[in-house]
Amino acid sequence: AAYEWMSALKLPSFNMNDVKNKMDVKAQFGDKKLVVITGTSSGMGRKAAKALLRTGEYHVIGAVRDLDKMDVVADLDDFDRSSFTPMHLDLNSFASVHSFVDELCEFKKTKPVDRLVCNAGIYQPSLPYAKWSEDGHEQTMQTNFLSHFLLISKLIADMSESDDARVITVGSVTGNDNTVGGGGVYPVADLKDLDGLKAGFSNPISMLDGYNFIGAKAYKDSKLVLMMTANMLHDRYHKATGISFSSIYPGCIAESPLFREKRPWFRKYFPVFMKFVTGGFVGEEEAGQRLFQVCHDPRCVKSGVYWSWNGGPREGRGA
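Structure report, in brief. (Residues numbered from 1 in each chain as written. Predicted model: local features only at pLDDT ≥ 70, side-chain atom pairs only at ≥ 80, totals over all residues. Heavy atoms only, no water.)

1. Things to note about the overall build of the protein
Quick reminder of the rule: The way it works is that DSSP assigns letters per residue, a run of H or I at least four long becomes a helix, a run of E at least two long becomes a strand, and they are numbered from the N terminus. Each residue's exposure class comes from its accessible area (1.4 Å probe, protein chains only) as a fraction of the maximum for that residue type: buried when under 20%, exposed when over 50%, partly exposed otherwise. Computed with the Shrake-Rupley method and a 1.4 Å probe, the accessible areas treat only the protein chains shown as cover for residues.
When helices and strands are tallied, the protein shows ten helices and eight strands. Burial status across the protein gives 51% buried among its 319 residues. Counting only carbon and sulfur atoms, one obtains 54% of the accessible surface of the protein, whose full area is about 15,900 Å².

2. Thoughts on the side chain of S93
How we decide: For this analysis, residues touch if any pair of their heavy atoms sits within 4.5 Å.
Secondary-structure assignment places S93 in the loop between β3 (84-88) and α4 (94-108). For S93, a relative accessible area of 5% gives the class buried. For S93, the residues in contact, after removing those within four places along its chain, are E134, D135, Q142 and S147.

3. Describing the pattern of salt bridges
Note the following rule: Salt bridge, as used here, is a side-chain nitrogen of Lys or Arg placed within 4 Å of a carboxyl oxygen of Asp or Glu.
Here the structure, examined in full by the defined rule, presents 17 salt bridges. With a closest N to O distance of 2.7 Å, K217 and D209 form a salt bridge. You can call K217 buried: its relative accessible area is 7%. On the basis of relative accessibility, which here comes to 3%, the residue D209 falls in the buried class.

Spatial relationships are all this shows, so hold off on functional conclusions.
If you want it as structure tokens, here you go:
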């Protein structure tokens, strides 16, 4: 009777599967942080991925539409293949986003994503009419914003398991109407009352504001809503999840492939204008370094910040 109290004791639970999963993750990633970057086969995303890999502190998932191109780039830039994994992601398709997340989760096992960088984007200013995604949405908005929003939504619970998680969206000065590039160059980014979104934003509705399609404005609107979303996510989820949400404008990458659809004279003189008139020009290498800094620098862990190199960081850009 003196030992009856011992019958109520329970031994600590010991789950061999949990132990094995932790050992597998340790063997696969070591102490490296896991980074997902969309659009690593060119431009700023390519340079940022290279900089992150150079530190030896990250395993980078390159989410790209063209795996063959990514393979060539990885060879040219001498990516450490043991710390770089390309995966297919076509942001013009919601189904592709779902498939990518499934592949990512299978690959990483129980390792949480530490960085999600929503970098990929398209710019089609000369289009006279809207093009549609396979989901029936205007493709600039789906590629630049809607699919990235879906990606964030699917990974936010996973990222809350990280002790240093950051979601970084790449914005643009063109989405900011209090700048020369945003407010001084027609058309100006303006979502108005989001009548197009309220009406379903599906073919034939091509703009979030419900007005007729303008290619340059579709890009500017997509960047505006991305930056607004970063602030909204900060307000709603930062305290609950510990995830840092921010957006970045690294400067105008005037020689970027982003402008490949512009006329030859524009591609020739626009970089000159940005270098010597506005002073807003930045090369791909430097832009990649700035994105790398927001991913890597402990000072950039602060949430709710719009990181800009036209006067430093500004908090609470607002809707």
